[in-house]
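Spelled out from the first residue to the last, the chains are:
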Amino acid sequence: MTSVNSSQNKQHDGAGTTDESAVTSIPLSEEGTGSGGEQSIGALGRDVATHLSSLVRGELELAKAEISSEARKALKGSVYFVLALTVLAFSSFFLFFTLAEGLHALGLWRWASFGIVFLVMLLVAIVLALFGYRRVRKISAPKRTMDSLRESAQLRHRHPQDSAERARPSE
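Residues numbered from 1 in each chain as written. Predicted model: local features only at pLDDT ≥ 70, side-chain atom pairs only at ≥ 80, totals over all residues. Heavy atoms only, no water.

### Structural notes on a nonpolar patch on the surface
Argument step 1. A cluster of nonpolar residues, Leu-108, Ile-116, Val-120, Leu-123, Val-124, Val-127, Leu-128 and Phe-131, forms a patch on the protein surface that exposes about 700 Å² of accessible area.
Argument step 2. Summarising the element assignment, Leu-123 is placed in helix H3 (residues 110-137).
Argument step 3. Judged by its relative accessible area of 54%, Leu-123 is exposed. (Patch = residues over 30% accessible without salt bridge, like charges linked within 9 Å, V, L, I, M, F, W, Y side chains within 5 Å. Areas by Shrake-Rupley, 256 points an atom, 1.4 Å probe, with all protein chains shown as cover. Salt bridge = Lys/Arg side-chain N within 4 Å of Asp/Glu carboxyl O. Helix = DSSP H or I, 4+ residues; strand = E, 2+ residues; numbered from the N terminus. Buried < 20%, exposed > 50% of the residue type's maximum accessible area, 1.4 Å probe, protein only.)

Spelled out as structure tokens, the structure:
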């Protein structure tokens, strides 16, 4: 088995540039590097550790490349959802305008129709704000973390006193 250079694993395009995003292969050592053509157990263990380390690094690089690619796809997809919600929000104006005109067509004054639609929208906004307020009010401070930080601070304050007591010679 021979050693494989990472330059051999780079892919060349027609313009003479290289694609360095390819994951390099596991570095292999020469056969028969030990005495009598056999490797010692220590050398074999070192080779296994080297190969395993390279394999893990290669797998992590592959996972990182795949995840970043999928994250980019998710970001592009979410942009379309945000755009769709924006268009929906702006077009809701026409829905409310249509409701007001429908009330006017039923015989109400135009100003009263638009006033009723406005009041209904205001009532819905108030109800949603109250639901949001009730949910936010349930949020509490991270008590376990704060307790842990207090305990850590108490331990830190105890150590200088303990070390000062240890430094004094006993009488």
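### A short note on the side chain of Ser-113
Argument step 1. Mapping Ser-113 onto the fold places it in helix H3.
Argument step 2. Here the side chain of Ser-113 touches His-104 through a polar contact of 3.0 Å, landing on its backbone nitrogen.
Argument step 3. For Ser-113, the residues in contact, after removing those within four places along its chain, are Ala-100, Leu-103, His-104 and Leu-108. (Polar contact = N/O pair within 3.5 Å; in protein donor to acceptor, adjacent residues only side chain to side chain. Contact = heavy atoms within 4.5 Å.)

### Here we look at the confidence of the model for the chain
Argument step 1. Confidence in the prediction of the chain, expressed as mean pLDDT, is 77, and 68% of residues score 70 or more.
Argument step 2. Taken element by element, the predicted model of the chain shows its lowest mean pLDDT in helix H1 (residues 6-9) (44) and its highest in H3 (94).
Argument step 3. Within the model, pLDDT remains below 50 along residues 1-20, and this stretch shows 22 contacts once partners closer than five positions in the same chain are excluded. (pLDDT = per-residue confidence, 0-100.)

### Side note on helix H2 (residues 41-105)
Argument step 1. Between its terminal C-alpha atoms H2 stretches 93 Å, which fits the 96 Å expected from 65 residues at 1.5 Å a residue.
Argument step 2. The sharpest bend along H2 measures roughly 25 degrees and falls at Phe-90.
Argument step 3. Buried residues of H2: Ala-43, Asp-47, Ser-54, Gly-58 and Ala-100, and no others.
Argument step 4. Turning to H2, the residues buried within the fold contact H3.
Argument step 5. One or two steps after H2, the chain reaches Gly-107, where phi turns positive at roughly 115 degrees. (Expected span 1.5 Å × (residues − 1). Bend = angle between axes of the 7 residues up to and from the residue.)

### Examining the pattern of salt bridges
Between side chains of opposite charge, a pair can form when the charged atoms approach closely.
Argument step 1. Counting across every chain of the model gives 2 salt bridges.
Argument step 2. Where Glu-70 meets Lys-73, a salt bridge forms, and the shortest distance between an N and an O atom there is 3.2 Å. Note that Glu-70 and Lys-73 are positioned in helix H2 at a spacing of 3 residues, about one turn of the helix.
Argument step 3. For Glu-101, the salt bridge is made with Arg-110, and the minimal N-O distance between the two is 2.9 Å.
Argument step 4. For Glu-101, a relative accessible area of 23% corresponds to the partly exposed category.
Argument step 5. Accessibility expressed as a relative area gives 43% for Arg-110, which makes it partly exposed.

### A word on a positive patch on the surface
Argument step 1. Among the surface-exposed residues, Arg-134, Arg-135, Arg-137 and Lys-138 lie close enough to one another that they form a single positively charged patch.
Argument step 2. As for its position among the elements, Arg-134 is in helix H3.
Argument step 3. Residue class for Arg-134 comes out partly exposed when judged on its relative accessible area of 49%. (Lys, Arg positive; Asp, Glu negative; His and termini not counted. Charge placed at Lys NZ, Arg CZ, Asp CG, Glu CD.)

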